[in-house]
Amino acid sequence: MRDLVEIGMGRTARRTYELDDIDIVPSRRTRSSKEVSTTWQLDAYRFDIPVLTHPTDALVSPSFAIEMGRRGGLGVINGEGLWGRHADVEAKLAELVHLAETDEDPDAPIARLQELHAAPIQANLLAAAVAQVRDAGVTTAVRVSPQNARALTPELIKAGIDLLVIHGTIISAEHVANSGSEPLNLKTFISELDVPVVAGGVSDHRTALHLMRTGAAGVIVGYGSTEGATTTGEVLGIGVPMATAIADAAAARRDYLDETGGRYVHVIADGDIATSGDLAKAIACGADAAVLGAPLAASAEAPGGGWFWPSAAAHPSVPRGALLPVAFGDRPSLDQVLTGPSNDPFGSLNLVGGLRRSMAKSGYSTLKEFQKVGLTVRA
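Note that the structure is predicted; figures quoted are calculated from it, not measured.

Here's the deal with the packing of aromatic side chains
Tallied over the full model, the rule gives two aromatic pairs. Over the aromatic face of Y264 sits the side chain of K368, whose NZ or CZ is 4.3 Å from the ring centroid.

What follows is the structure in structure tokens.
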């Protein structure tokens, strides 16, 4: 039964939990971390680590997507970002970082980011970015918004993408429009594609189940919240309690599995995951994989130069993010961030190694088994 509390006369709210509110409880057995597997499979594509990148230009260039793919993860290019709008993206990113470091006006970088995104998307530039990743032999994924999915997807499929990510702050299977424009029917749209689709974000059981019924291969839970960078709570008043949201989506996955007689839809956590402990808790709550942003943006290979901003920061009228410094001085390599070695006692490095150790200490050898681990709520 849901835990409801009264917040005023005649008004109740559900009590929910963040990842920081819970802890993993080890079982009676342990195992060596060498016996632990972090592999997972989305449709026909197998990955060695349960990590996807947040689709922002601060993190994912074609070369970074290649490096993620070579390490067993999935780099997701922002199909509506700068790589499809400008030929000199590296110079534009350097300009943004310089502005963030030197301009006394904290709004100046966002204003410039909006200006850069006002340039039209050029199909040839986007196709070139896709081709660079595809030709490297790694799984190629591109993110589009629901608003632009119809226009951009045919060009992306022609360019050779393997996976399409339809990603917004909040996505529903039933978008209501009274303006005369026809909303995107995700079920029809997905059924007509030859590539698997990952869609989100969602924040509860009902919305996750509806999105699964569209035929999506994966559902994103959360909106990529990163303290100091994502401002959806301040701008829209919307928040996603990640532990509860992931558990709700996992329950929807079970219900859909029963409903369809065996179709498994992957749950992908996207928000408030900054350390290896956070990653372990997200999997323990029921996620199959997680989207990471700021932790990966700190790596030396990330194109943002030690800065991170979410893709929603570039919205032309309601930006929901800021430029956040995530690394100072010497930046760690992507290998260190993902698999170590680490000299950080707080879990910001060796993220996958920490997950493996948590699984081993709890006695589980696969990600799906680890979703059954015991959990407690902090008082």
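So, the confidence of the model for the chain
For the chain, mean pLDDT is 92; residues scoring 70 or higher make up 95% of the total. Note on residues 175-180: pLDDT is under 50 here. Beyond four places in sequence and across chains, it has two contacts.

Side note on unusual backbone geometry
With omega at 15°, the peptide bond leading from G200 into G201 counts as cis. Along the polypeptide, G201 turns up in strand β10 (residues 197-202). At the junction of G340 and P341, the peptide bond is cis and its omega measures out at 5° in the coordinates. With respect to the element layout, P341 can be found in the loop between α12 (334-339) and α13 (351-362). Within the chain, D43 stands out as a residue other than glycine whose phi angle is a positive 60°. If you trace the backbone, D43 turns up in the loop between β4 (40-42) and β5 (45-47).

A look at the sheet that holds strand β7 (residues 76-78)
Ordered in space as β6-β13-β12-β11-β10-β9-β8-β7, the eight strands form an open sheet in which the pairing is parallel. Here the strands that pair on one side only, and so sit at the sheet edges, are β6 (51-53) and β7. Pairs of neighbouring strands in the sheet enclose a mean axial angle of 30°, with direction left out of account. Sheet strands in contact with helix α5 (residues 149-159) are β8 (141-144) and β9 (163-167), and its direction is about 165° off that of β8.

A few points about the environment of L323
Locating L323 in the fold gives a position in the loop between β14 (307-308) and β15 (324-325). For L323 and T230, which are 93 residues apart along the polypeptide, the C-alpha to C-alpha distance reads 9.1 Å. Non-local contacts of L323, meaning those with residues more than four positions away in its chain, are made with L96, A100, P109, I110, W307, F308 and W309.

Observations regarding helix α3 (residues 108-117)
Listed in full, the buried residues belonging to α3 are A108, P109, I110, L113, L116 and H117. Packing partners of the buried residues in α3 comprise α2 (89-102).

Examining the pattern of salt bridges
A full pass over the atoms with the stated rule returns 16 salt bridges. Between R71 and E67 there is a salt bridge whose closest N-O contact spans 2.6 Å. With relative accessibility at 22%, the residue R71 sits in the partly exposed group. With its nearest N and O atoms 2.9 Å apart, the salt bridge here joins E115 to R112. Residue E115 and its partner R112 are located together in helix α3, separated by three residues, close to a single helical turn. Connected through salt bridges with shared partners, the residues E67, R70, R71 and D335 form a single ionic network.

As for the side chain of S276
Summarising the element assignment, S276 is placed in helix α10 (residues 276-285). Exposure remark for S276: the relative accessible area of 12% places this residue in the buried category. In this structure S276 touches G347, N350, L351, G354 and L355, once residues within four positions along its chain are discounted.

What about the pairing of β10?
In terms of burial, β10 is a largely internal element, six of the six residues being buried. Bridge analysis of β9 against β10 gives four bridges, and the strand direction is parallel. Its bridge partner lying in β10, V165 is registered against V198. Bridge analysis of β10 against strand β11 (residues 218-225) gives four bridges, and the strand direction is parallel. Bridged to V202 within β11 is V221. Between β10 and its parallel partner β11, the chain crosses via helix α7 (residues 205-212), and the hand of that crossover is right-handed.

Details of the nonpolar core
Membership of the largest hydrophobic core comes to 99 residues, with the highest contact counts inside it found for L156, L164, I246, L296 and F370. Ranked by the residues each element gives to this core, the list is headed by helix α9 (residues 242-260), at seven residues. Here F370 is in contact with I24, A280, I283, A284, L355, S358, M359, S362 and Y364, once residues within four sequence places are set aside. Formed by 17 residues, the second largest nonpolar core is a distinct cluster that contains A58, L116, W307 and A313.

What about the environment of S333?
For S333, the position within the fold is in the loop between β15 and α12. In this structure, the C-alpha to C-alpha distance between S333 and P295, residues 38 residues apart in sequence, is 11 Å. Ignoring any residue separated from it by four or fewer positions in sequence, one finds S333 in contact with S299, A300 and E301.

Digging into the pairing of β8
Side-chain alternation along β8 places A141 and R143 on one buried face and V142 and V144 on a second face that is also buried. Inspection of the sheet shows β7 paired to β8 by three bridges, in the parallel sense. Note that in β8 the partner of N78 across the bridge is R143. Alignment of β8 against β9, held across four bridges, turns out to be parallel. Bridging across to β9, V142 finds its partner in L164. In this fold, β8 hands off to α5, which returns the chain to β9; that crossover is right-handed.

Each value, and the rule that gives it
Residues numbered from 1 in each chain as written. Predicted model: local features only at pLDDT ≥ 70, side-chain atom pairs only at ≥ 80, totals over all residues. Heavy atoms only, no water. Phe/Tyr/Trp six-rings, centres within 6.5 Å; stacked < 30°, edge-to-face > 60°. Lys NZ or Arg CZ within 6 Å of the ring centre and 35° of its normal. pLDDT = per-residue confidence, 0-100. Contact = heavy atoms within 4.5 Å. Helix = DSSP H or I, 4+ residues; strand = E, 2+ residues; numbered from the N terminus. Pairing = 2+ DSSP bridges. Axes fitted to C-alpha atoms, helices over the stretch in contact; angles between N-to-C directions. Buried < 20%, exposed > 50% of the residue type's maximum accessible area, 1.4 Å probe, protein only. Salt bridge = Lys/Arg side-chain N within 4 Å of Asp/Glu carboxyl O. Right-handed = clockwise from strand over helix to strand, strands pointing away. Core = buried A, V, L, I, M, F, W, Y, C linked by side-chain atoms within 4.5 Å.

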